[in-house]
Amino acid sequence: MLLISDPEVRQVLKMTDCIAAMERAFAEEARGIAVNRPRTRYKVPPDLDKPGYMANIIPGAVPSSGVAALRYDSTIVQERLFAGTKRMDFPSPTKRSWGFVLLFSLATGELLALIHDFTLSAIRVGATTAVAHRALSKKASKVVGLFGSGNEARRNLEAICCVRDIESVKVYSSTKEHREKFAEEMTELLNVEIQPVSSAEAVIKGSDIVMCATNSSQPVFDGRWLEPGQFVTTIANTDGVHRRTEADATTMIRSDLIVLNNKETAITNQQRELLDLIDQGKFAWDKVCELGQVLIGKHPGRANDQQIIYYKSNTGVGIQFAAAGALIYQACKKQGLGRELPSEWFGADLSEWMEKGFMPSP
């Protein structure tokens, strides 16, 4: 069994490789090959305004990668009011991330690897964002309007620049120093002009792509500001622990198409920001599809350059962790990275039972 640390993940997992892996995994799911199960989260105590423990559990399998994955993220969370807006904070009292991906062989069932998931998680979100942008944003998209200046914002912008010839970016976050530092660092990293702006409306105006990567619990812009042809992406959603949305009802109503990662999770996690509008008759399910359906041609996707399309990256899914985890595991095996631990430490010995002719269930 291979224990793979976060620095090793950063060393071997490349965004372009992960984009290709996500595209394959979502297409496999749409064809009924790969398997996702809805995300599960719980918080102790359940009160959002009190700091408490939160577990984030995501399973799935990608046969072409030969693996199943279980993501278990263990953290402390609290919803707070900052600059007049509710947001989710992750205090990290030990200053460490306690999130892991367990990677299992589909052939033998054995545990192949335990992988730190901090860097992996942001890259798989960004890579999936890139897949959606390549499939659904206007091909001639040049300008990105970005909300957020943290780790997710960095990775998602990097990913978008991998699939579209972006010439300029406008970034807004609630802390002036953060957005200015982001603009300076990412301009150098991506060789794209990035300008910090002082209002949410400035992010929207004239942008081909509107990307939201924040920790906000509330909408970060007014959907009335959206312009024809824009492609809007959000990554914060209601998840069974708390209700969150970076996009308002107007954005969802005005959009010509809403694309999700996974419909089943929208229902099981009670993502009421979407479900309430459907229940109220503001639009029907026929305006909503899954990303994989677009990738395999089951849904046509963008019909013209005037459509507003909203990609609600509504959940992390197990196929992301399986596909990316397999890339990491294979690269570390090839390069001699990671810490090898005896596999027998992680599996009970059944030889005595099997020698007697039994095949005991777990």
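This text goes with the structure placed above it.
The structure displayed is predicted, hence computed values, not measured ones. (Residues numbered from 1 in each chain as written. Predicted model: local features only at pLDDT ≥ 70, side-chain atom pairs only at ≥ 80, totals over all residues. Heavy atoms only, no water.)

Caption draft 1: Examining the packing of helix α3 (residues 118-136) against helix α11 (residues 318-335) more closely. In contact at an axis separation of 10 Å, α3 and α11 are set at 115° when each is read in the N-to-C sense. Judged by the twist between their axes, the crossing of α3 over α11 is right-handed. Here L120, S121, R124 and T128 of α3 come into contact with α11, specifically with Q320, F321, A324 and I328. Partitioned by chemical class, the residues of the contact of α3 with α11 number four nonpolar, three polar and one charged. (Axes fitted to C-alpha atoms, helices over the stretch in contact; angles between N-to-C directions. Helix = DSSP H or I, 4+ residues; strand = E, 2+ residues; numbered from the N terminus. Left-handed = near helix turned anticlockwise from the far one by under 90°. Contact = heavy atoms within 4.5 Å. Nonpolar A, V, L, I, M, F, W, Y, C, P; charged D, E, K, R; others polar.)

Caption draft 2: How the structure looks around the packing of aromatic side chains. In total, this model carries three aromatic pairs according to the counting rule given. For the ring pair Y42 and Y53, a centre distance of 6.2 Å and an interplane angle of 50° mean the geometry is tilted. Here the residue Y42 occupies a position in strand β3 (residues 40-44), and Y53 occupies one in strand β4 (residues 52-62), the gap between them amounting to eleven residues. Looking at Y53, the relative accessible area reads 26%, which means it is partly exposed. Its end group placed over the ring of F82, R87 keeps NZ or CZ at 4.2 Å from the ring centre. We note K287 situated over the ring of F283; from NZ or CZ to the ring centre the distance is 4.3 Å. (Phe/Tyr/Trp six-rings, centres within 6.5 Å; stacked < 30°, edge-to-face > 60°. Buried < 20%, exposed > 50% of the residue type's maximum accessible area, 1.4 Å probe, protein only. Lys NZ or Arg CZ within 6 Å of the ring centre and 35° of its normal.)

Caption draft 3: Structural view of α11. Its 18 residues place the ends of α11 26 Å apart at the C-alpha level, agreeing with the 26 Å of an ideal helix rising 1.5 Å per residue. Counting buried positions along α11 yields 13 of 18 residues, so the element is predominantly enclosed. Following α11 by one or two positions, G336 adopts a phi angle in the positive range, close to 70°. (Expected span 1.5 Å × (residues − 1).)

Caption draft 4: Layout of helix α9 (residues 272-279). When we look at burial in α9, the residues that qualify are E273, L274, L275, L277 and I278. Buried residues in α9 make contact with α7 (249-254), β14 (257-260), α8 (263-268), β15 (288-290) and β16 (309-312). With its phi angle positive at about 80°, G281 sits one or two positions after the end of α9.

Caption draft 5: Structural context of the sheet that holds β16. Taken together, the eight strands give an open sheet; going across it, the order is β11-β10-β9-β12-β13-β16-β14-β15, and neighbouring strands pair in parallel fashion. Edge positions in the sheet fall to β11 (193-196) and β15, since each of these pairs with one other strand and no more. Going from strand to strand, the sheet's axes swing by 20° on average, the running direction of each strand aside. Where strand β13 (residues 231-234) and β16 come together, four bridges link them in parallel fashion. Each bridged residue has a counterpart across the sheet, and for V232 the counterpart in β16 is Y310. Sitting on the sheet, helix α4 (residues 151-163) touches β9 (143-147), β10 (168-172), β11 and β12 (209-212), and the angle it makes with β9 is about 165°. The sheet contacts of helix α5 (residues 176-190) involve β9, β10 and β11, and relative to β11 the element is tilted by about 175°. (Pairing = 2+ DSSP bridges.)

Caption draft 6: Focus on the state of the cysteines. As enumerated under the stated definition, the model contains zero disulfides in all. Take C162: it sits in no disulfide, and the sulfur closest to it among the cysteines is that of C161, at 7.4 Å. Just so you know, C289 is unpaired, no disulfide at all, and the nearest cysteine sulfur is the one on C212, 19 Å from it. On the basis of relative accessibility, which here comes to 1%, the residue C289 falls in the buried class. (Disulfide = S-S within 2.5 Å.)

Caption draft 7: Local environment of the side chain of E8. If you trace the backbone, E8 turns up in helix α1 (residues 6-12). Among the polar contacts made by the side chain of E8, one reaches the main-chain amide nitrogen of S5 at a distance of 2.8 Å. Discounting chain neighbours no more than four positions away, the residues touching E8 are L3, L337 and G338. (Polar contact = N/O pair within 3.5 Å; in protein donor to acceptor, adjacent residues only side chain to side chain.)

Caption draft 8: Inspection of the nonpolar core at higher detail. Core analysis: the biggest nonpolar cluster contains 51 residues, and I4, M22, I115, L120, V259 and I328 have the highest contact counts within it. Examining the composition of this core, we find that ten residues originate from one element, α11, more than from any other. Within the second largest apolar cluster, 23 residues are counted, among which are V197, F221, A247 and L260. (Core = buried A, V, L, I, M, F, W, Y, C linked by side-chain atoms within 4.5 Å.)

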